[in-house]
Amino acid sequence: MYNLLVVDDEEIAIRGIEKGIDWSSLPIANIYTAYDVEEARGMIAEHTIHIVLSDIDMPNQSGVDLLEWVNEHYPSTVTIFLTGHADFKYAQQAVQLDCFDYLLKPIDHNVLKACVNKALDKVRGLEQLAKIRVTYDKFYEQWNKQLLILIERFWQDVLHYRQSVAQQHLDSTMHTYALPLYADSPIRAVLISIEQWREEWSARDEEIMTYGVKNAAEEIILQDDSGHIIQDGNGILYALFYSPKDEYSETIADRCKQFIHQCKNMLHCHLSCYIGEEMEVRQIRTGVQSLLALERSNVSATCAVILERDHKGTLENTAPQQVHFTDWALLLESGKQTELSMRIDECFDQMQESKVDYTYMASFYYGFMNMLFQWFNKKSVPMTDVFANKEWEVGENVLKSLSRMRAWTQQLSMQVTEYANQNGKDVSQVVEKIQRYMEENLGEDFSREQAAEHVFLNPAYLSRLFRRETGFSLTDYLVRLRITKARVELEKTNNRISDIAVAVGYANFSHFSKLFKKMTGLTPQEYRKKYQEV
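Residues numbered from 1 in each chain as written. Predicted model: local features only at pLDDT ≥ 70, side-chain atom pairs only at ≥ 80, totals over all residues. Heavy atoms only, no water.

Caption draft 1: Spatial organisation of the packing of helix α9 (residues 284–297) against helix α19 (residues 459–470). Remark: α9 packs on α19, axes separated minimally by 7 Å, with the N-to-C direction vectors making an angle of 110 degrees. What the angle tells us is that α9 and α19 run roughly perpendicular. In contact with L292, E295 and R296 of α9, α19 contributes A460, Y461 and R464. Classifying every residue of the contact of α9 with α19 gives three nonpolar, no polar and three charged. (Axes fitted to C-alpha atoms, helices over the stretch in contact; angles between N-to-C directions. Helix = DSSP H or I, 4+ residues; strand = E, 2+ residues; numbered from the N terminus. Parallel < 35°, antiparallel > 145°, perpendicular 65-115°, else oblique. Contact = heavy atoms within 4.5 Å. Nonpolar A, V, L, I, M, F, W, Y, C, P; charged D, E, K, R; others polar.)

The following block contains the structure:
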């Protein structure tokens, strides 16, 4: 039901509309009246008025003044003018102010009712629009709340080859997320490598503390510059600057030094920052791979700020090694054919652009085959089980054609990933070697840096690799090994519990007891009493 307000300075006119017309056939709940504009405003403010039926020529203020006020404060209220003045000026103003209709007195009651009925249709339409607007505003608010997460997801998809970097795709998606970028816009990435936590954090604790590092990076590194701090799917943090300038790298370096100092003091971690060169958005994968290569090659400097430009010559001199076969091997083992296929395509696109020669092609071939041979050796799988037709053999024609080499590489990678998916997945040789290292040195103080030296890797890179393949942080995995060994000792021997604690690497008995109870639900004493077999 709806409410009608009749505004006229003549009482007889109001009475004729209010009492002289049978409104029962229309969904009119209440008819309110006012004798001037001021009183009408009060009525509209006090009651929900859907339709205003107003005279134009009234003392002090006119119906046109009332319509202007209604449009400003109550835009869902529909106004009809009913006047004895056929003045073109009034009619023109009414049209300009979007009056619903302009009727002249005297008027047939049925014509007036029909006009009000049409106005009710417009009221219903406005109500529907208002509901849509409320729904839209609700979802728009939710969208804004989730926008940072969606933007981070977008960059993760770009870096992990789930989002095309073709210009039309990039431009469209970045427009959707209101990013001030195009595919050819300049961008700069800073890789934030968490090298060591000063505490023995669990995987959950590390995630919480990494979130703290991420917030600190936004405040100290990014500051008020246009950009975002993102965490990719492997847990690596990046600061992305959307409007970089060449001379700005020194400023970023100073901020990174301050950031490293603050994180060391406040967040109990050692980290380094790798500052990339300016690049176009569509080149971000290549730029990030260069930073990852810098990080992997850094096995000595810690808590350092490293600029890519200072190592550019070194990277260029090792051009044939820029294909990261180690990463490709991980994708093979995990059966991620789609991501691997996109990486292969991007690699060959770069070869095409660089116009590589036969020597480079041969280098690629031997590197790719070496990766495959290592995979087969690790799995103890005969190559003929996967390549029944000896597909690994290539002739001179293949080595001299990028397109043929691309197709050959894609074919072999597809066959291997399909085999991996059908026959299960396993950890890499690097992770397996670290697991053995932990088992053999269970009673010694464990150092992530020493473990990384054991496999000749950067500590931060090793941590990410280990977690990605096992699902555990290095600390969590070591605790599980130690407690498992302690349980066996408690079950099978009469050795003192304090000696068992020392034997599995815990000189602090209280700490050992807390960890043991956290994992088993029992203290060491309770566990021995319940399960000892001796």
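Caption draft 2: Here's a closer look at the sheet that holds strand β3 (residues 51–54). Taking strand neighbours across the sheet as the criterion, the five strands line up as β2-β1-β3-β4-β5 in an open arrangement whose pairing is parallel. In this open sheet, the two strands that pair with only one neighbour each are β2 (28–34) and β5 (101–104). The mean angle between the axes of side-by-side strands here comes to 20 degrees, regardless of whether they run parallel or antiparallel. With four bridges connecting them, strand β1 (residues 2–7) and β3 associate as parallel partners. Counted as the bridge partner of V6 is L53 from β3. (Pairing = 2+ DSSP bridges.)

Caption draft 3: Inspection of the pairing of strand β9 (residues 269–275) at higher detail. Judged by how many residues are buried, β9 sits mostly within the fold: seven of seven residues are covered. Of the two faces of β9, both are covered, the one formed by C269, L271, C273 and I275 as well as the one formed by H270, S272 and Y274. Bridge count for β9 against strand β11 (residues 305–307) is three bridges, and the pairing is parallel. Residue Y274 lies in a different strand from β11, and its bridge partner there is I306. (Buried < 20%, exposed > 50% of the residue type's maximum accessible area, 1.4 Å probe, protein only.)

Caption draft 4: Spotlight on the pattern of salt bridges. Under the defined criterion, the tally for this structure stands at 21 salt bridges. Of the charged contacts in the structure, one is a salt bridge between E346 and R285, with a shortest N-O distance of 3.6 Å. Here R285 lies in helix α9 and E346 lies in helix α12 (residues 337–354), a separation of 61 residues in the sequence. Of the residues examined, R285 reaches a relative accessible area of 5% and is grouped as buried. Of the charged contacts in the structure, one is a salt bridge between E295 and R464, with a shortest N-O distance of 2.6 Å. In this pair, E295 is assigned in helix α9 and R464 in helix α19, connecting sequence segments 169 residues apart. Assessed through its relative accessible area of 0%, E295 is described here as buried. In this structure, a network of salt bridges that share partners links the residues E206, E207 and R467. (Salt bridge = Lys/Arg side-chain N within 4 Å of Asp/Glu carboxyl O.)

Caption draft 5: The packing of helix α7 (residues 203–222) against helix α8 (residues 249–266), seen in detail. Where α7 contacts α8, the axes come no closer than 9 Å and their chain directions differ by 145 degrees. As α7 runs across α8, the sense of the crossing is right-handed. On α8, the residues that touch V213, A216, A217, I220, I221 and L222 of α7 are R255, C256, Q258, F259, Q262 and C263. Broken down by class, the residue content of the contact of α7 with α8 amounts to nine nonpolar, two polar and one charged. (Left-handed = near helix turned anticlockwise from the far one by under 90°.)

Caption draft 6: Layout of the packing of aromatic side chains. For the structure shown, the criterion picks out 24 aromatic pairs. Summarising the aromatic geometry, the rings of F368 and W408 are spaced 5.6 Å apart at their centres and angled 65 degrees between planes, so their arrangement reads as edge-to-face. Residue F368 is located in helix α13 (residues 358–379), and its partner W408 is located in helix α16 (residues 402–423); the two are separated by 40 residues in the primary sequence. No difference in accessibility class separates F368 from W408, as the two residues are buried. For the ring pair Y506 and F512, a centre distance of 5.8 Å and an interplane angle of 35 degrees mean the geometry is tilted. For the pair Y506 and F512, one class covers both residues: buried. (Phe/Tyr/Trp six-rings, centres within 6.5 Å; stacked < 30°, edge-to-face > 60°.)

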